Every structure is written in structure tokens, then in C-alpha cells.
Amino acid sequence: MIDVRELWRTYQPAPDITVHALRGITVTVMPGEFVAIMGPSGSGKSTLMNVIGALDVATSGTYHLDGTPIDALSEDDLSDLRNQKIGFVFQAFNLVPRMTALDNVAMPLMYAGVGRRERLDRAADALASVGMGSRMHHVPTELSGGQQQRVAVARAIVTDPPLLLADEPTGNLDTHSTDDVLAIFDGLAAQGRTIVLITHEDDVARRAGRILRIDDGRITSDRRRRAPGVGAHV
Ligand code: ADP
């Protein structure tokens with residue numbers, strides 16, 4: 001699903017300052033893997049996530065997403081690829097405040113050119129799949145943080161993307177809501193969806209089948225708990 005080789009991302013915030021946010025990252029993620037990325041603040045996690053999410057292009061190295069080399073794509077093609085292949089979940093939920101859960105979840109389907117009736121049907125199904133079917137007509141302020149994040153997960157999966165990227169998805173949630181959201185991720189991984197999430201919390205990372213640690217732009221450890229899609233403990 002993800003094939004990254006010798007990825008460097010270098011920023012030049014001023015003519016005499018060079019920041020190497022990524023220093024030669026090489027990693028492959030198989031379909032159906034659930035991967036947690038951990039590392040101290042400033043280690044390059046968000047930069048790596050932005051490259052994997054095709055929101056940013058590396059300075060050097062190669063990246064294939066589901067077999068497609070993304071380095072060669074135009075902005076339009078990149079945005080199509082993101083729409084088809086990737087669902088994003090953010091720490092702050094990022095729902096549109098004045099829209100109902102249903103309309104929030106239906107929105108990515110509009111960009112995908114799906115007609116209104118089908119959009120609403122599919123959004124309702126996605127909301128039901130995260131246990132939010134009875135709340136679909138509520139706006140975000142009428143929902144708890146955990147419920148808002150479940151809506152955001154529904155929005156991320158409504159286009160049926162093979163890859164789900166989550167940046168600190170439980171960072172704003174209490175323990176109970178964290179468990180709810182992680183249980184949904186477990187279910188999605190069991191269905192064969194690839195999940196990559198950034199977290200600071202050991203409890204959250206333990207739910208993933210694989211933990212990548214990065215420090216100073218390099219992978220410092222890569223531990224697999226179970227073979228992808230098998231579920232057997234190694
Ligand atoms: P993390 O997500 O692990 O906290 P980041 O990927 O945000 O780390 O940042 C990695 C490094 O790259 C840090 O040293 C950060 O200051 C630097 N960095 C990130 N974005 C930029 C940018 N747009 N311009 C300059 N430096 C940046």
C-alpha cells in the first residue's frame with residue numbers, strides 16, 4: 001500500500017538555515033496493516049504523514065501509493081489520488097460547524113461526483129457503521145468529542161478508501177471515547193483497510209499491529225506484533 005524509499009524532506013526557512021525533517025526514511029506498509037507512528041515532538045512524524053498523505057512532496061526519494069508513483073503527478077492528479085485512496089482523521093475532528101453529521105460525511109462524495117441521493121444514503125451507512133446512525137441530523141456542537149470523532153471517521157471512510165491516515169486521533173478524547181474510536185479502527189483494519197496513525201500514547205500504539213518509532217527524521221525501530229491480516233500473535 002505504501003512504499004517509501006530513501007525519503008528526505010528538507011526545509012530551508014531562511015537562506016542560511018537548512019532543516020532536515022526526514023533523513024532517508026525507507027518503509028513499506030502492506031495492505032491491511034495497522035501501523036502506529038511514535039516519536040518525540042519535532043522528530044518528523046507530521047512531515048512523514050503529509051508526504052504519505054500526498055499533501056506534501058519529498059525533497060528526494062521515491063513514494064509509491066498503492067503502486068502509483070506520486071512524485072510524477074500534477075496537483076490535480078494528486079488531489080484525485082487523495083480523494084480515491086486516502087481518508088484523513090485529525091486530532092481536532094475538523095467537522096464543518098453548521099452542517100449536520102450527515103452533510104459532513106456526505107461532503108467527500110460531492111467532490112467524487114456522486115449524486116445527492118446516493119451521497120446521503122452512503123453517508124447514512126457510514127454513520128451507522130460507526131454507531132452514529134441515530135445522531136446523523138445533529139450538528140457538531142450537539143455531539144461529544146468522541147461522537148464528533150466517530151463522525152470524522154465516517155467521513156474518512158465514506159469514499160471507501162484503502163488507506164486511512166490519522167494524526168493523533170484520540171489526542172482530544174477521554175479514555176472511554178478513545179476506546180470507542182480505537183475499536184472502530186480495529187474493525188476497519190480487520191476488514192483489510194490499511195491504517196497509519198500518529199500517537200503519543202503507548203496504550204493507543206499497542207492497538208496497532210506494528211509500531212514505527214522515528215527520531216530526528218530517521219526510523220529508529222520497527223516492531224511488528226502480528227503478520228498483516230492474520231491476527232496471530234508472533
Ligand atoms: P513532529 O510531527 O514529529 O512533531 P514535524 O514533522 O512537525 O515533527 O517537524 C520535523 C522538523 O521539521 C522539526 O524540526 C520542525 O521544526 C521542522 N519543520 C516542519 N515543518 C517545517 C516548515 N514548514 N519549515 C521549516 N521547518 C519545518
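Residues numbered from 1 in each chain as written. Predicted model: local features only at pLDDT ≥ 70, side-chain atom pairs only at ≥ 80, totals over all residues. Heavy atoms only, no water.

**Q** How should I be thinking about a negative patch on the surface in this particular structure?
**A** Together, Glu 75, Asp 76, Asp 77 and Asp 80 give the surface a local cluster of negative charge. Looking at the element boundaries, Asp 76 is found in helix H2 (residues 75-85). (Patch = residues over 30% accessible without salt bridge, like charges linked within 9 Å, V, L, I, M, F, W, Y side chains within 5 Å. Areas by Shrake-Rupley, 256 points an atom, 1.4 Å probe, with all protein chains shown as cover. Salt bridge = Lys/Arg side-chain N within 4 Å of Asp/Glu carboxyl O. Lys, Arg positive; Asp, Glu negative; His and termini not counted. Charge placed at Lys NZ, Arg CZ, Asp CG, Glu CD. Helix = DSSP H or I, 4+ residues; strand = E, 2+ residues; numbered from the N terminus.)

**Q** How should I be thinking about the pattern of salt bridges in this particular structure?
**A** Pairs can form between side chains of opposite charge whenever their charged atoms are close. If you walk through the whole model with that rule in mind, you get 11 salt bridges. In this structure, Asp 160 engages Arg 193 in a salt bridge whose closest nitrogen and oxygen atoms are separated by 3.2 Å. Here Asp 160, found in the loop between helix H5 (145-157) and strand S7 (163-167), pairs with Arg 193, found in the loop between helix H6 (175-190) and strand S8 (194-198); they are 33 residues apart in sequence, far enough to count as distant. With its nearest N and O atoms 2.8 Å apart, the salt bridge here joins Asp 222 to Arg 210. Of this pair, Asp 222 sits in strand S10 (residues 218-224) while Arg 210 is found in strand S9 (residues 210-215), placing the two residues 12 residues apart along the sequence. Residue classification places Asp 222 among the partly exposed positions, given a relative accessible area of 40%. Several salt bridges share partner residues, and in doing so they unite Glu 33, Arg 210, Asp 222 and Arg 224 into one network. (Buried < 20%, exposed > 50% of the residue type's maximum accessible area, 1.4 Å probe, protein only.)

**Q** I'm lost on the sheet that holds S9 in this one. Help?
**A** Strands in a sheet are paired, the pairing made by backbone hydrogen bonds, and the direction either parallel or antiparallel. Reading across from one edge, S6-S7-S8-S3-S9-S10 is the order of the six strands in this open sheet, with mixed pairing throughout. Of all strands in the sheet, those bounded by a partner on one side alone are strand S6 (86-90) and S10. Put simply, the sheet's adjacent strands are angled 15° from each other on average, direction ignored. Strand direction decides the pairing type here: S7 and S8, joined by five bridges, are parallel. Counterpart to Leu 164 in the pairing with S8 is Ile 195. Helix-sheet contacts for H2 involve S6 and S7, and the interaxial angle to S6 is about 80°. H5 contacts S6 and S7 of the sheet and is inclined by roughly 165° relative to S6. (Pairing = 2+ DSSP bridges. Axes fitted to C-alpha atoms, helices over the stretch in contact; angles between N-to-C directions. Contact = heavy atoms within 4.5 Å.)

**Q** Explain the pairing of S9 to me, please; I cannot follow it from the model alone.
**A** Two faces, one strand: in a regular strand the side chains alternate between the faces of the sheet. Both strand S3 (residues 34-38) and S9 contribute to a ladder of four bridges, which runs parallel. Bridged to Val 35 within S9 is Arg 210. Examined bridge by bridge, S9 and S10 share six bridges and lie antiparallel to one another. Its bridge partner being in S10, Asp 215 is matched across the sheet by Arg 218.

**Q** What exactly am I supposed to notice about the side chain of Arg 150 here?
**A** The residue Arg 150 is located in helix H5 in this model. One buried charge, Arg 150, has no salt-bridge partner; the nearest side chain with opposite charge is Asp 180, at 4.1 Å. Apart from residues lying up to four places away in sequence, Arg 150 is in contact with Val 130, Gly 131, Met 132, Asp 180, Val 181 and Ile 184.

**Q** When you look at the site of the ligand in this model, what are you seeing that I'm missing?
**A** Contacts to the ligand come from Tyr 11, Val 19, Ala 21, Pro 40, Ser 41, Gly 42, Ser 43, Gly 44, Lys 45, Ser 46 and Thr 47. The separation between an oxygen atom of the ligand and a polar side-chain atom of Lys 45 is 2.8 Å. A distance of 2.5 Å separates an oxygen atom of the ligand from a polar side-chain atom of Thr 47. Burial of the ligand by the surrounding chains reaches 61%, relative to a free accessible area of 570 Å². Breaking the shell around the ligand down by element, the ones donating at least two residues are strand S2 (17-29) and helix H1 (45-52). If one sorts the elements of the shell around the ligand by residue count, H1 sits on top with three residues. (Near = heavy atom within 4 Å. Polar contact = N/O pair within 3.5 Å; in protein donor to acceptor, adjacent residues only side chain to side chain.)

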